[in-house]
Amino acid sequence: MATLAIRGGRILRSDMTVTEADVLVDRETGDIVELGAELAGDEELDAHGDLVMPGLVNAHTHVAMTLLRGHADDKPLDAWLREDVWPVEAALEPADIEAGAALGILEMIKSGTTTFADMYFEIDRTAEVVERAGLRAVLGHGAIAAGKDDVAARADIEESVEMARRLDGAAAGRISTAVMPHSLTTVTPELLELAATEAHDAGVPVHYHANETVDEVDPIVEEHGQRPVEWARDLGLCTEADFFAHGVHLDDREIDLLARTGTGVVHCPASNMKLASGMAPVQQLLDAGVPVGLGTDGAASNNDLDLFDELRDAAMLGKLAAADASAVAAPDAVSMATAGGADVLGLNAGRIEAGAKADLAVIDLDAPHLTPEHDVVSHLAYAARGSDVRHTVCDGTVLMRDREVLTLDEGAVMERAAARAAGLLERAGV
Ligand SMILES: N[C@@H](CCSC[C@H]1O[C@@H](n2cnc3c(=O)[nH]cnc32)[C@H](O)[C@@H]1O)C(=O)O
Ligand SMILES: [Zn+2]
């Protein structure tokens, strides 16, 4: 067994207590083997003075949208998608996806994220970058019917199914997949049903956008006399494996239904604030026992992929939504960003314990904004930033050591992404 030992630090346990322990990892299986004192490994990572926490989980993004970062700000969802995003996306080439994904993945490694779930185009290109970069990912081709005829819309769903079948288990098991119809309003009911049947037949989840804005909820209620989540359940999109992004506008019945089905919700607080979509009832979801993870959404509606920002936003917005300062307390926000996200994605990760995946972020606590140390979990929720991450480990492999990313050439990735982004906007004529 080839091993990695992370030595001299304290670890964050899933009950949010902190204890001194070394972490021993099997580099071949990528699993945590043992926690304890004075553990030696073939390879070692120094964690003296640091906190070893589970790698963060970005459970909903469109990673190659990093190329659109700062291109279109300060608009609501519908206008933003139709006027600014979709026209540019129409000019995307496979090489753009590769460059944008590399940029986003670089940013995630540098901020301690070890897993992301991605809905986008040309997902093969993203998979290649994931393979090289060493992260874990749940990938899916985003399929949409809006603006397409029936034949093209069906072909798009079929492509999503084909991709999900083909890529599941790629990158030595670091890649899993989902069938990803874009949303409950941009894909027809027949095709949503087809997506669910085919996904479950293939043994993969369905992932989609739901209940993001009032404008998406109202038409479903008017047309079908049902709330969107009830409608989605009847179409087969709410099994325990399935998960959707946003869930901003949910009523009590929908929350109950989600608790009963075990369907996951990915809360995207920054995107919801930036597009003024609304405030998700996060504390209510947690109280009901709904699995909740956190997502950045794409970089054009955030505008970064730093999960530490997201977990702070989740804690802040959760309090505002509940009009209660005790809502979405620090430990709950940190849990959502780690074990919560892993559970939503069906992964044995997000917890530091023997047998779990060795996906870890080592945080350097020696910084002015993390001093004094009354409560480390408070710091993680309210004061830490992605740039405090010293080492990132995924699947037992060190991806970043002392802030140097080992799997990607940082300068080259940034240069290429900037060049592709400029070319993309030029081709799109904006
Ligand atoms: N195959 C589809 C692509 C869907 S990918 C996923 C899409 O979601 C878009 N997107 C990004 N953020 C959001 C959001 O918050 N809500 C809804 N869609 C979003 C993103 O720009 C992208 O077009 C097509 O032919 O258009
Ligand atoms: Zn999204």
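Worth saying up front: this structure is predicted, and the values here are computed from it rather than measured. (Residues numbered from 1 in each chain as written. Chains lettered and ligands numbered in written order. Predicted model: local features only at pLDDT ≥ 70, side-chain atom pairs only at ≥ 80, totals over all residues. Heavy atoms only, no water.)

(A) The arrangement of the pattern of salt bridges in detail. Counted according to the given criterion, the structure contains 35 salt bridges. In this structure, Glu 128 engages Arg 125 in a salt bridge whose closest nitrogen and oxygen atoms are separated by 3.7 Å. A residue pair is termed a helical-turn pair when its members lie 3 or 4 positions apart in one helix, as Glu 128 and Arg 125 do in helix 3 (residues 123–133) at three residues. The exposure class assigned to Glu 128 is partly exposed, which follows from its relative accessible area of 44%. We classify Arg 125 as partly exposed; its relative accessible area is 24%. Between Glu 230 and Arg 253 there is a salt bridge, and its shortest N-O distance comes to 3.1 Å. Of the two residues, Glu 230 is situated in helix 7 (residues 228–234) and Arg 253 in helix 8 (residues 252–261); the sequence distance between them amounts to 23 residues. For Glu 230, a relative accessible area of 11% puts it in the buried group. A network of salt bridges, in which partner residues are shared, links Asp 31, Arg 136, Lys 357, Asp 359 and Asp 395. (Salt bridge = Lys/Arg side-chain N within 4 Å of Asp/Glu carboxyl O. Helix = DSSP H or I, 4+ residues; strand = E, 2+ residues; numbered from the N terminus. Buried < 20%, exposed > 50% of the residue type's maximum accessible area, 1.4 Å probe, protein only.)

(B) The arrangement of the UniProt feature "domain: Amidohydrolase-related" (unreviewed entry) in the chain in detail. In this structure's numbering, the residues bearing the UniProt feature "domain: Amidohydrolase-related" (unreviewed entry) are residues 51–398. Helix and strand shares over residues 51–398 are 44% and 17% respectively, and the end C-alpha atoms of the span are 16 Å apart. (UniProt positions renumbered as here; feature names shortened; annotations may be inferred.)

(C) View of the sheet that holds strand 15 (residues 264–267). On the basis of which strands lie adjacent, the open sheet formed by four strands has the order 13-14-15-16 and parallel pairing. Of all strands in the sheet, those bounded by a partner on one side alone are strand 13 (207–210) and strand 16 (292–294). The mean inter-strand angle of the sheet, taken between neighbouring strand axes irrespective of direction, is 30 degrees. (Pairing = 2+ DSSP bridges. Axes fitted to C-alpha atoms, helices over the stretch in contact; angles between N-to-C directions.)

(D) Region of interest: the pairing of strand 7 (residues 50–54). For strand 7, a buried count of five out of five residues is recorded, marking the element as mostly surrounded by other parts of the structure. Both strand 2 (residues 10–12) and strand 7 contribute to a ladder of two bridges, which runs parallel. Residue pairing in the sheet places Arg 10 in a bridge with Leu 51 of strand 7.

(E) Looking closely at the domain arrangement of the chain. Domain boundaries in the chain define domain 1 (3–54 + 357–405) and domain 2 (56–344). Inter-centroid distance (C-alpha atoms) of domain 1 to domain 2 is 28 Å. Residue-level contacts link 27 residues of domain 1 with 28 residues of domain 2. There are two salt bridges connecting domain 1 and domain 2. Ionic pairing is found between Asp 395 and Arg 136, a salt bridge with its closest N-O pair at 3.1 Å. Secondary structure elements with two or more residues in the side of domain 1 that touches domain 2: strand 7, strand 17 (360–364), helix 13 (376–382), strand 18 (389–394) and strand 19 (397–401). (Domains from an automatic or database assignment. Contact = heavy atoms within 4.5 Å.)

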